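# Report on the structure
The chain contents come next:
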Amino acid sequence: MNTSPNKVTIDLSALQYNLLKIRELVGKETKIMGIVKSDAYGHGLIPVARELEKLHIDSLGVNYLSEAIKLRAEGVKTPVVILLGISTHQGAKNVADYNLTPVIFDLDSARMLSEEGRKKGRSTNVYLKVDTGMGRLGIDFRETGLFLKQLMGMKGIKIEGLFSHFSSADQEDTIFTKTQIKKFKEAISVSRKLGLEFTMNNLANSAGIIRYREAHFDLVRPGIMLYGGFPCPDFADPPPLKGLMTFCSSVAQVREVEHGTPISYGRTFYTDGPRKIAILSAGYAEGLSRSMSNKGQVLIRGQKAGIIGRICMNMIVADVTSIKGVKKGDRVCFLGKEKANRITADDMARWADTISYEVLCSIGSRNKREYIYEEEISHDS
Ligand SMILES: *Cc1c(COP(=O)(O)O)cnc(C)c1O
């Protein structure tokens, strides 16, 4: 029997809400690729993908072939884009068999895909990844023409569009991002000069969707927005989005301690008066970053309590002096809403000096998840 009091709850109705907000931002003409890599940012690949399919998402984006195959095995029919592409013949064969859409960035994989597509008797859809300034995966944008000319002769593959990625669209300074947009437009115009009219050119991640209307092109690729997080904790003018994830545990003990009591490993905190403290049954092993030691907050009885001392592997101490009636067994939430108060993934990211992506992946991947949708509860299998 699993007696752990720790539980992650994923509210799929918030996913629907966030997708609606994204649709409002990009308009009806723009298609949406929902990014579900890394187990849907810790929210669970299959339940999230199924929900997005139900909501008529245009395509789904994953990192690896294995994730794409898993989606097909679970009956997901929506186009699935493999962001890291494929590197072997077997991979190319799987792509053709499962009708997947890889990103390509070298001729080797293009040839393998072309061969498998021809064998199958139908074209495999691909995206050409063009680096416009991210300094990561892709061909140099200046080589777009050269590359396309070589791809044009290959049967068995069909290029859906050019694909590029922003490096810093969340930052205050817009100059670099505008240069990336300009380079992407140049690559598109090169493709047009070759007589190629792509219908799925795409560049924008969440930050690009929110901050650069001119970067929406045919298709956008939201990730963190779907999950109610923002590209960075101090993101300017965040649109109203709802977090899907709640993470709660329980109070293991409540103690009254005297002035000058050292708290937890390393004695990094001493009480500055008589205090009431609560020992909570979760820690960094459950995905709560140790960097939140002496900085973070938790919700108990709907009120905020500060984390004092170092966060341990499976325990955290909170100062609950000002909260009435706290007792052993009370629910404590590290992420989510309780009564009028809320702790968001971006709050936690600020305390831990990271980004909401890492907070969600850490918590979501380490705890048992439960799914709710308008108060209906279903279990993760
Ligand atoms: C992860 C990823 C995204 C989504 O980014 P968010 O900032 O989460 O919106 C989009 N495109 C690519 C290529 C990615 O790797």
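Residues numbered from 1 in each chain as written. Predicted model: local features only at pLDDT ≥ 70, side-chain atom pairs only at ≥ 80, totals over all residues. Heavy atoms only, no water.

### Notes on helix 5 (residues 89-98)
For helix 5, the complete set of buried residues consists of Gly 91, Ala 92, Asn 94, Val 95 and Ala 96. Where the residues of helix 5 are buried, they touch helix 4 (65-73), strand 4 (80-82), strand 5 (101-104), helix 6 (107-120) and strand 6 (124-131). Of the residues one or two after helix 5, Asn 99 is the one with positive phi, at around 55°. (Buried < 20%, exposed > 50% of the residue type's maximum accessible area, 1.4 Å probe, protein only. Helix = DSSP H or I, 4+ residues; strand = E, 2+ residues; numbered from the N terminus. Contact = heavy atoms within 4.5 Å.)

### Considering the site of the ligand
Near the ligand there are 14 residues, and of these Lys 37, Tyr 41, Ser 206, Ile 224 and Tyr 357 occur at the shortest range. Here an oxygen atom of the ligand sits 2.6 Å away from a polar atom, N or O, in the side chain of Tyr 41. Here Arg 221 contributes a side-chain N or O atom positioned 2.9 Å from a nitrogen atom of the ligand. Protein contact buries 94% of the 390 Å² of open area that the ligand shows by itself. By residue class, the composition of the shell around the ligand is seven nonpolar, four polar and three charged. (Near = heavy atom within 4 Å. Polar contact = N/O pair within 3.5 Å; in protein donor to acceptor, adjacent residues only side chain to side chain. Areas by Shrake-Rupley, 256 points an atom, 1.4 Å probe, with all protein chains shown as cover. Nonpolar A, V, L, I, M, F, W, Y, C, P; charged D, E, K, R; others polar.)

### Observations regarding the packing of aromatic side chains
Both the distance between ring centres and the angle between the ring planes are used here to describe each pair of aromatic rings. One pass over the structure, following the stated rule, counts seven aromatic pairs. Between the aromatic rings of Phe 166 and Tyr 212, the centroid separation amounts to 6.1 Å while the plane-to-plane angle is 40°, which identifies the pairing as tilted. Taken together, the positions of Phe 166 in the loop between strand 8 (157-163) and helix 8 (175-193) and Tyr 212 in the loop between helix 9 (206-211) and strand 9 (219-220) put the pair 46 residues apart, joining distant regions of the chain. Exposure remark for Tyr 212: the relative accessible area of 2% places this residue in the buried category. The ring of Phe 163 carries Arg 221 above its face, with NZ or CZ at 4.0 Å from the centroid. (Phe/Tyr/Trp six-rings, centres within 6.5 Å; stacked < 30°, edge-to-face > 60°. Lys NZ or Arg CZ within 6 Å of the ring centre and 35° of its normal.)

### Here we look at a negative patch on the surface
There is a patch of like negative charges on the surface, built from Glu 172, Asp 173, Asp 234 and Asp 237. Turning to its location among the elements, Asp 173 is positioned in the loop between strand 8 and helix 8. The exposure class of Asp 173 is partly exposed, given its relative accessible area of 48%. (Patch = residues over 30% accessible without salt bridge, like charges linked within 9 Å, V, L, I, M, F, W, Y side chains within 5 Å. Salt bridge = Lys/Arg side-chain N within 4 Å of Asp/Glu carboxyl O. Lys, Arg positive; Asp, Glu negative; His and termini not counted. Charge placed at Lys NZ, Arg CZ, Asp CG, Glu CD.)

### Regarding the domain arrangement of the protein
In terms of domains, the protein is made up of domain 1 (12-227) and domain 2 (245-372). The C-alpha-based centres of domain 1 and domain 2 are spaced at 38 Å. Between domain 1 and domain 2, the residue contacts involve 11 residues of the former and 10 residues of the latter. For the pair domain 1 and domain 2, the summed buried area comes to about 850 Å², and 63% of that belongs to carbon and sulfur atoms. The interface formed by domain 1 and domain 2 includes one salt bridge. The partner of Arg 369 in a salt bridge is Asp 39, and the shortest N-O contact between them spans 3.1 Å. By residue number, the principal contributor to the side of domain 1 that touches domain 2 is helix 2 (residues 37-42), which donates four residues. Its residues assigned to classes, the side of domain 1 that touches domain 2 comprises five nonpolar, five polar and one charged. (Domains from an automatic or database assignment. Buried area = accessible area lost by both parts, 1.4 Å probe.)

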